Amino acid sequence: MPERPLLTAHWSNLLLLNFAVPPEAIAPLVPPGTEPDLYAGQAYISIVGFRFHAARLFGIPFPGHTSFPEINLRYYVRRTVGNETRRGVMFVREIVPRRAVALAANWIYNENYITRRMRSELEMAGATLTTGDTTEYAWHSHARNSPPRSGEGPGEGRRWNRIAARVAPPHKHPPPGSLEEFLVEHYWGYARGRDGTTREYRVIHDPWMVAPADNITWDCDVAPTYDTPLAEYLAGPPANALIAAGSPVKLYRGRRC
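Numbers given to residues run from 1 along each chain, matching the order in which its sequence is written. This being a predicted model, a pLDDT of at least 70 is required before a residue's local features are given, and a value of 80 or more before pairs of side-chain atoms are given or counted; all residues contribute to the totals for chains, interfaces and linings. By convention in this description, side-chain values take in all heavy atoms of the structure and omit both hydrogens and water.

A. Representation of the pattern of salt bridges within the structure. When a carboxyl oxygen of Asp or Glu lies within 4 Å of a side-chain nitrogen of Lys or Arg, that pair is called a salt bridge. A full pass over the atoms with the stated rule returns 11 salt bridges. The partner of Glu200 in a salt bridge is Arg86, and the shortest N-O contact between them spans 2.7 Å. With Glu200 in strand S11 (residues 198-205) and Arg86 in strand S5 (residues 84-96), this pair connects stretches of sequence that are 114 residues apart. Both residues of the pair, Glu200 and Arg86, belong to the buried class. A salt bridge links Asp214 to Arg166, with the shortest nitrogen-to-oxygen separation between them at 2.9 Å. With Asp214 in strand S12 (residues 210-219) and Arg166 in strand S9 (residues 158-167), this residue pair connects regions lying 48 residues apart in the sequence. When a residue's accessible area, from a 1.4 Å probe over protein chains only, is under 20% of the maximum for its type it is buried; when over 50% it is exposed; and in between it is partly exposed. In this structure Asp214 comes out as partly exposed when scored by relative accessible area, which is 26%. Here Arg166 falls in the partly exposed class, since its relative accessible area comes to 30%. Among the ionic contacts, a cluster of salt bridges with common partners joins Glu35, Asp37, Arg78 and Arg87. Helix numbering and strand numbering both begin at the N terminus, where a helix is a DSSP run of H or I of at least 4 residues and a strand a DSSP run of E of at least 2.

If you want it as structure tokens, here you go:
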């Protein structure tokens, strides 16, 4: 009998802000059995905002938890199994607005989900993303240096963090071997299990069409959001940005490598 996916959903309107980092910054972080995945000798990390639609766990929809935004920070790894190279992602932090979603993902995959107030906005001229359309994702966080409001102590103010961009040329499938293909075509996820071993899970979706993005907004108080050695590489503007239309996605159970 074919394995049943753990989670099914439709991921849409993915905005990827991509930052170049030295390979040696990634190498100490990768889980056992994997290695940094590089493009032309360069490592990348990505801030990815997107929307979940029609999310189902074991085929069951949970009211109030089927449609929501997510923003994650990820880097890229690969694992060799026989003659196969499995290219995948490692998530540093995922942000969602639903506490139950965060608890379930952390329990099932041992990920690093947190819950924050979030919002997303999409401005489209038609039924599908096209040139000139814009997408935005935002999340609430404590801002260490913001003025306090009534009832708050020093440095306890809150702020909205934002990522946003506009579709530049029309969407198309990325050329084979391109940086765009490297950034969006991954069909494996990796995580560290509670016992320290590496967990691997399959991700199935159709190849995504992507478009370069312009009018980029990267407005983030990095320190309160990302407690990671990679945070320093998020201080400047991204090296590039892409917008992917997305597709239905199936995620399977994690297995020990």
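Moving on from the model shown.
B. Geometry of the side chain of Glu70. Along the polypeptide, Glu70 turns up in strand S4 (residues 68-81). Here the positive residues are Lys and Arg and the negative ones are Asp and Glu; neither His nor the chain ends is included. Despite being buried, Glu70 has no salt bridge partner; Arg74 is the closest side chain of opposite charge, sitting 8.3 Å away. Any pair of nitrogen or oxygen atoms within 3.5 Å is treated as a polar contact; in protein, a donor-acceptor pairing is required on top of that, and neighbouring residues in sequence qualify only through side-chain atoms on both sides. In terms of polar contacts, Glu70 uses its side chain to reach the side chain of Asn72, at 3.1 Å. At 3.1 Å, the side chain of Glu70 and the side chain of Tyr113 are in polar contact. Should any heavy atoms of two residues lie within 4.5 Å, those residues are considered in contact. With sequence-adjacent residues up to four places away left out, Glu70 is seen in contact with Val48, Gly49, Phe50, Phe52, Glu94, Ile95, Val96, Tyr113 and Met118.

C. Structural context of the environment of His65. When you line up the elements, His65 lands in the loop between strand S3 (43-57) and S4. Judged by relative accessible area, His65 falls into the partly exposed class, the value being 26%. It is 19 Å that separates the C-alpha atoms of His65 and Leu14, two residues lying 51 residues apart in sequence. When sequence neighbours within four positions are dropped, the list of residues in contact with His65 reads Ala55, Arg98, Ala100 and Val101.

D. Examining the layout of surface pockets more closely. Here a cavity is any set of points on a 1 Å grid over the protein atoms alone where a 1.4 Å probe fits but cannot get out, and a pocket is any open set with protein on both sides within 12 Å along at least 5 of 7 lines; a residue lines the site when it has an atom within 4 Å of a point. Grid points are joined across faces, edges and corners, and a volume is the space filled by probe spheres set on the points. Size it by volume and the largest pocket reaches roughly 680 Å³. Lining of the largest pocket is provided by 37 residues; of these, Leu7, Phe52, Ala105, Tyr113 and Leu251 occupy positions nearest its centre. Put simply, the parts of the chain that give the lining of the largest pocket at least two residues each are strand S1 (7-21), S3, S4, S5, helix H2 (99-109), strand S10 (188-192) and S11. Classification used: nonpolar for Ala, Val, Leu, Ile, Met, Phe, Trp, Tyr, Cys and Pro, charged for Asp, Glu, Lys and Arg, polar for all others including Gly. Its residues assigned to classes, the lining of the largest pocket comprises 27 nonpolar, five polar and five charged. Put simply, the second largest pocket is a space of about 270 Å³. Lining the second largest pocket are 15 residues, and of these Trp107, Ile108, Tyr109, Arg194 and Arg199 sit closest to its centre. If you tally residues by element for the lining of the second largest pocket, the top one is H2, at three residues. Counted by class, the lining of the second largest pocket contains six nonpolar, four polar and five charged residues.

E. Seen up close, the packing of aromatic side chains. Here a Phe, Tyr or Trp ring, Trp counted by its six-membered ring, pairs with any other such ring whose centre lies within 6.5 Å, and the pair is stacked when the planes are under 30 degrees apart, edge-to-face when over 60, and tilted otherwise. If you walk through the whole model with that rule in mind, you get 10 aromatic pairs. Measuring from centroid to centroid gives 5.9 Å for Trp11 and Phe52, while their planes differ by 75°, and the two rings are edge-to-face. Taken together, the residues Trp11 in strand S1 and Phe52 in strand S3 connect sequence positions 41 residues apart. Phe52 shares its class with Trp11; the two are buried. Put simply, the rings of Trp11, Phe50, Phe52, Phe68 and Trp208 pair up and form one aromatic cluster. Look at NZ for Lys and CZ for Arg. If either is within 6 Å of the ring centre and within 35 degrees of the ring normal, a charge sits over the ring. Sitting over the face of the ring of Trp160, Arg119 holds its NZ or CZ atom 4.3 Å from the ring centroid.

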